[in-house]
Amino acid sequence: SQTIHQWPATLVQPVGSPLSLECTVEGTSNPNLYWYRQAAGRGLQLLFYSVGIGQISSEVPQNLSASRPQDRQFILSSKKLLLSDSGFYLCAWSVKGARSGYTFGSGTRLTVV
Amino acid sequence: SQQGEEDPQALSIQEGENATMNCSYKTSINNLQWYRQNSGRGLVHLILIRSNEREKHSGRLRVTLDTSKKSSSLLITASRAADTASYFCATDAGGNTPLVFGKGTRLSVIA
């Protein structure tokens, strides 16, 4: 069966520090991968999505970046965090082509202090 | 940008009552999906309704879609305290375009 792993669950980082959040998917191949951010009590904002290795589409210009070094690995990074980067980060995957739902990871609560 | 807009933003009902949440969107869609999120957790896919469908059922869930009004509703019948969560609609424009989520409805079911 397919599973998605996202870590860490919580993270407290100082302003200006780097960030690396990792997401991996098991049990499927060639998935579409997504990073969303959710501010407190708000909806989901799409940050990045990827349809294949090395293919990244950015939806929001900011100091975050994403990479897909392997088929089932999606990494969200920042060189220098800002206070405004605080939020709940969610990774998700979907089957390519088929119109089916997304499967989300359990999320990472990032607090920048 | 967010396409779906849920209404109401928050809903509080007694256990056993029905809960209805609405979603409006602006552009053409391929399908519309509903998700549930428990506090501090990831989203869970509930149901998908295609643009050529008008109604769909899954257990205690009933979803309707009116493409002429660009709106959808999610009905949860005989609600339980465990249904307390936030509910989001998401629209799919087709191709490989990502889902666009609304801001959600916070449902509280009081035992």
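Above this text sits the structure in question.
This structure is a prediction, so every number in the text was calculated from the model and none was measured.

**Structural notes on the overall build of chain B**
In step 1: A count of helical and extended segments in chain B gives zero helices and 11 strands.
In step 2: Listing every helix and strand of chain B by position from the N terminus yields β-β-β-β-β-β-β-β-β-β-β.
In step 3: At 13 Å, chain B has a C-alpha radius of gyration in line with the 13 Å of a compact globule built from 111 residues.
In step 4: Looking at chain B as a whole, 45% of its 111 residues qualify as buried.
In step 5: Long-range contacts, defined here as pairs at least 24 residues apart, represent 56% of the contacts in chain B between residues at least 6 apart.

**Points about the nonpolar core**
In step 1: Among the nonpolar cores identified, the biggest contains 21 residues, and Met 21, Leu 32, Trp 34, Leu 74, Ile 76, Tyr 87 and Leu 107 of chain B are the most heavily contacted of them.
In step 2: When contributions to this core are tallied by element, the ones reaching two or more residues are strand S2 (10-14), strand S3 (19-24), strand S4 (31-37), strand S5 (43-50), strand S7 (61-66), strand S8 (71-76), strand S9 (85-92) and strand S11 (105-110) of chain B.
In step 3: Formed by 20 residues, the second largest nonpolar core is a distinct cluster that contains Val 25, Leu 33, Leu 64 and Val 112 of chain A.

**A short note on the sheet that holds strand S8 (residues 73-78) of chain A**
Residues and elements named next belong to chain A.
In step 1: Read from one edge to the other, the open sheet built from four strands follows the order S1-S3-S8-S7, with strand pairing classed as antiparallel. Both edges of this open sheet fall to strand S1 (3-7) and strand S7 (64-70), since each of them pairs with a single strand only. Pairs of neighbouring strands in the sheet enclose a mean axial angle of 15°, with direction left out of account.
In step 2: Both S7 and S8 contribute to a ladder of five bridges, which runs antiparallel. Residue pairing for S8: Ser 67 is matched across the bridge by Ile 75.

**Section: the sheet that holds S7 of chain B**
Backbone-to-backbone hydrogen bonds join strands into a sheet, with any given pair of strands oriented parallel or antiparallel.
All names here are of chain B.
In step 1: Pairing within the open sheet is antiparallel, and its five strands lie in the order S1-S3-S8-S7-S6. Strands with a single pairing partner mark the edges of an open sheet, and in this sheet they are strand S1 (5-7) and strand S6 (55-58). If you compare each strand with its neighbour and ignore which way they point, the axes differ by 20° on average.
In step 2: Pairing geometry for S1 and S3, over three bridges, is antiparallel. Of the residues in S3, the one forming a bridge with Asp 7 is Asn 22.

**Section: the interface of chain A and chain B**
In step 1: Taken together, the contact pairs 23 residues of chain A with 24 residues of chain B.
In step 2: In this assembly, chain A packs against chain B so that about 1,700 Å² is buried in total across both faces, 50% of it on carbon and sulfur atoms.
In step 3: Viewed at the interface, chain B and chain A are joined by zero salt bridges.
In step 4: Put simply, chain A and chain B have four residue pairs in polar contact (both at pLDDT 80 or more) between them.
In step 5: Taken together, the residues that form the side of chain A that touches chain B break down as 10 nonpolar, nine polar and four charged.

**Overview of the packing of aromatic side chains**
In step 1: This model, assessed by the stated rule, comprises 10 aromatic pairs over all chains.
In step 2: With a centroid separation of 5.9 Å and 85° between ring planes, the pair formed by Phe 104 of chain A and Tyr 35 of chain B is classed as edge-to-face. Of this pair, Phe 104 of chain A sits in strand S10 (residues 103-104) while Tyr 35 of chain B sits in strand S4, which puts the two residues in different chains. The burial state of Phe 104 of chain A is the same as that of Tyr 35 of chain B; both residues are buried.
In step 3: For the pair Phe 104 of chain A and Phe 101 of chain B, a centre-to-centre distance of 5.9 Å together with 75° between the ring planes defines the contact as edge-to-face. With one member in each of two chains, Phe 104 of chain A in strand S10 and Phe 101 of chain B in strand S10 (residues 100-101) form a pair that bridges those chains.

**Some details on the pattern of salt bridges**
In step 1: One pass over the full model with this rule turns up six salt bridges over all chains.
In step 2: Its salt-bridge partner being Arg 68 of chain A, residue Asp 71 of chain A comes within 3.2 Å of it at the nearest N-O pair.
In step 3: Residue class for Asp 71 of chain A comes out partly exposed when judged on its relative accessible area of 21%.
In step 4: Using a relative accessible area of 3% as the deciding quantity, one classes Arg 68 of chain A as buried.
In step 5: A salt bridge links Glu 53 of chain B to Lys 56 of chain B; its shortest N-O distance comes to 4.0 Å.
In step 6: Each member of the salt-bridge network shares a partner with another, and the members are Arg 36, Arg 60 and Asp 83 of chain B.

What counts, and where the lines are drawn
Residues numbered from 1 in each chain as written. Chains lettered and ligands numbered in written order. Predicted model: local features only at pLDDT ≥ 70, side-chain atom pairs only at ≥ 80, totals over all residues. Heavy atoms only, no water. Helix = DSSP H or I, 4+ residues; strand = E, 2+ residues; numbered from the N terminus. Rg over C-alpha atoms; globule rule 2.2 N^0.38 Å. Buried < 20%, exposed > 50% of the residue type's maximum accessible area, 1.4 Å probe, protein only. Contact = heavy atoms within 4.5 Å. Core = buried A, V, L, I, M, F, W, Y, C linked by side-chain atoms within 4.5 Å. Pairing = 2+ DSSP bridges. Axes fitted to C-alpha atoms, helices over the stretch in contact; angles between N-to-C directions. Buried area = accessible area lost by both parts, 1.4 Å probe. Salt bridge = Lys/Arg side-chain N within 4 Å of Asp/Glu carboxyl O. Polar contact = N/O pair within 3.5 Å; in protein donor to acceptor, adjacent residues only side chain to side chain. Nonpolar A, V, L, I, M, F, W, Y, C, P; charged D, E, K, R; others polar. Phe/Tyr/Trp six-rings, centres within 6.5 Å; stacked < 30°, edge-to-face > 60°.

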